[in-house]
Every structure is written in structure tokens, then in C-alpha cells.
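# Overview (structure and organization)
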Amino acid sequence: LRDKLDETTKPEARAPLLLELGSILDNNLKEYREALDVYDEFLSVSKDKKNRGDVMLRKGDIQTTKLNLHQEALETYEVWLETFFGHARRVEVMLKSAELKETKLDRVQEALDGYRIIADSYPRSGYDEKALMRIAHLQRTYYADFNAAQDAYRQIIERFPFGEWADDSQYYIARIFEIELGDLTQAKAEYEKLLSTYPTSAFTGAARDALIRIERR
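Computed from a predicted model, the values in this text were never measured in an experiment. Per chain, the residues get numbers from 1 upward, laid out in the order the sequence is written. With pLDDT at 70 or above as the cut-off, local features in this predicted model cover only qualifying residues; side-chain atom pairs require 80 or more to be listed or tallied, and sums for whole chains, interfaces and linings still use all residues. Side-chain numbers come from the whole structure's heavy atoms, not from hydrogens or water.

## Description of the packing of aromatic side chains
- Any two rings among Phe, Tyr and Trp, with Trp reduced to its six-membered ring, count as a pair given centres within 6.5 Å; such a pair is stacked if its planes are under 30 degrees apart, edge-to-face if over 60, and tilted if neither. Taken as a whole and judged by the stated rule, the model has eight aromatic pairs.
- Consider the rings of Tyr153 and Tyr172, whose centres lie 5.7 Å apart with planes at 20°: the pair is stacked. Of this pair, Tyr153 sits in helix α9 (residues 146–159) while Tyr172 sits in helix α10 (residues 166–180); the two residues are 19 residues apart in sequence, bridging distant segments of the chain. For the pair shown, Tyr153 and Tyr172 are each scored as buried.
- When the ring of Phe162 is compared with that of Tyr198, the centres are 5.9 Å apart and the planes differ by 65°; the resulting orientation is edge-to-face. Remark: Tyr198 occurs in the loop between α11 (184–197) and α12 (204–215) and Phe162 occurs in the loop between α9 and α10; sequence separation between them is 36 residues.
- Throughout this description, buried means an accessible area under 20% of the type-specific maximum (1.4 Å probe, protein chains only), exposed means over 50%, and partly exposed covers the range between. For Tyr198, a relative accessible area of 10% gives the class buried.
- In this structure an aromatic cluster arises from ring pairing among Tyr153, Tyr171, Tyr172, Tyr191 and Phe203.
- Sitting over the face of the ring of Tyr172, Arg140 holds its NZ or CZ atom 4.1 Å from the ring centroid. Helix and strand assignments come from DSSP, with helices taken as H or I runs of at least 4 residues and strands as E runs of at least 2, each series counted from the N terminus. Over a ring means this: the NZ of a Lys or the CZ of an Arg is within 6 Å of the ring centre and within 35 degrees of the ring normal.

Below is the structure:
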């Protein structure tokens, strides 16, 4: 394959060879840095929009998950977002970008803003539930804005009453009332709602313990 590349000078002929070589280095040999170099050359010569988009995303994923090049990955994702409007994976990439800002780059406010755009502007995208959960988590743990956190948790329950994080959200609404706001009456009602609405939740034990704790106060 490398010999073919050495013999090939036309960009349109080099592009498929570069794509194949990059894939081998990436997926088979796990030579990620060399794969990035090959992918970069592919991006410089290819005119195939679909493959360019896929390669650019793979490049970003390698940078952040394999090489811990988080700032570089963010830049890759942002170039992708500027280039591929209306792409089926657009909201997925927006979420990747926000998660990088939150978890790797300490750009929490920017991450929160990104999650809000996903939650507000892309309902039913398949990513808005997770975006709402990240909003709630940041409001609760980073900003200590417990009312805003509860609002986000309630949105999750309203939009996705039996979704992946509905029972988590109900539990944290109750816990905020109990621990952070000191409203034991409301906390009791919310814990009871968790037990009645989500009887198989992993949080039922914690909810029962909390109800016992509240009764003893």
C-alpha cells in the first residue's frame, strides 16, 4: 500500500489509498499518531464530503480517547461543526464538544451553554436527555444552584418519563429537598413518588432509607 502511494501523485488517486492506510494504522495496528498524519493528508486531498466528515470525526475521537489531545480534539470537532451543517451526526458532535469542555478542559460555563442549546433546540434528537442530565448535574454539583438543578431534573421526567435517567432525576429532586433545601415535607413526598412511580429503580433502597431518616427527625 505504501509503495502504491509512493507511485501515485494525483490527489484524487491518492485519497482512497490514504483512507485505506489510515484505517489499517488506526483499527488494525493501533498506530494512532501515524494514523492521524495519514488522515490529515487524506483531508487535504479528498473531495469526498462523506468520507471527509467521517475521517474528521474519527480524527477527533483518536485525539481525545487515544492520545489525550483534548484541545486538539475540540478544535477538530469545531471545524467539523463549521463545515457540516445539517449532518445527521451534528447533535452528537455538539455533545462531544460540550463534554470535552466540561470534563477535560475546565470550560464549564461553555459546556453548560452547549448542553442548553442541545436541550432547547434539538428535542427528540436522542441527545437532549443526556444534555439535560449534564445541565442538572452541573447546576447541582458545580454551581450549587439547586432550583435550576431541580428544573432540569423535572424536564427530564416530563420529556422522558421512563427514560434512562427518569428515576435518577426523581431521586435527586427528593434529595435536594432533603439535604440542600431542608424541606423535609416535600422531600418525603418526592421520595414516595419515586417508590410509587419507579418501583424497580436502583434508588428505591436509598429512598426508603431517606424516608426512615426523615421520620426520625
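## Describing helix α5 (residues 70–83)
- Here, expected helix span is obtained from the residue count minus one, scaled by 1.5 Å. In a regular helix each residue adds 1.5 Å, so 14 residues correspond to 20 Å; α5 covers 20 Å between its end C-alpha atoms and thus fits that length.
- All buried positions along α5 are accounted for by His70, Ala73, Leu74, Thr76, Tyr77, Trp80 and Leu81. The buried side chains of α5 occupy one side of the element, clustering within an arc of 160° when seen end-on.
- Residue contacts follow a heavy-atom distance rule, with two residues in contact if any of their heavy atoms lie within 4.5 Å. In this structure, the buried side of α5 is in contact with α4 (49–66) and α6 (90–103). To be clear, the arc concerns the directions from the helix axis to the C-beta atoms.

## Things to note about the environment of Ile24
- As for its position among the elements, Ile24 is in helix α2 (residues 11–28).
- Taking relative accessible area as the criterion, Ile24 reaches 31% and is therefore assigned partly exposed.
- Put simply, Ile24 and Ala35 are 11 residues apart on the chain and 8.2 Å apart in space, counted from C-alpha to C-alpha.
- Among residues more than four places away in sequence, those in contact with Ile24 are Leu1 and Leu29.

## Section: the nonpolar core
- In terms of nonpolar packing, the biggest core is built from 67 residues, with Trp80, Tyr115, Ile135, Tyr153 and Tyr191 touching the most fellow members.
- Among the elements that make up this core, the one with the highest residue count is helix α3 (residues 32–45) (eight residues).
- When neighbours within four sequence positions are excluded, Trp80 is seen to be in contact with Gly53, Met56, Leu57, His87, Arg89, Arg90 and Val93. For the purposes of this section, nonpolar cores are sets of buried Ala, Val, Leu, Ile, Met, Phe, Trp, Tyr and Cys residues that join through side-chain atoms within 4.5 Å.

## A look at the side chain of Gln139
- Secondary-structure assignment places Gln139 in helix α8 (residues 128–141).
- Other than its neighbours up to four places away in sequence, Gln139 contacts Leu112, Arg116, Ala144, Asp145, Ala148 and Ala149.

## As for the pattern of salt bridges
- By definition here, a salt bridge exists when the distance from a side-chain nitrogen of Lys or Arg to a carboxyl oxygen of Asp or Glu is within 4 Å. What the rule picks out here adds up to 19 salt bridges.
- Across the pair Lys96 and Glu92 runs a salt bridge whose closest N-O atoms are separated by 4.0 Å. Taken together, the residues span about one helical turn, with Lys96 and Glu92 both in helix α6 at a distance of four residues. Take Lys96 and Glu92: they sit in the same class, and that class is buried.

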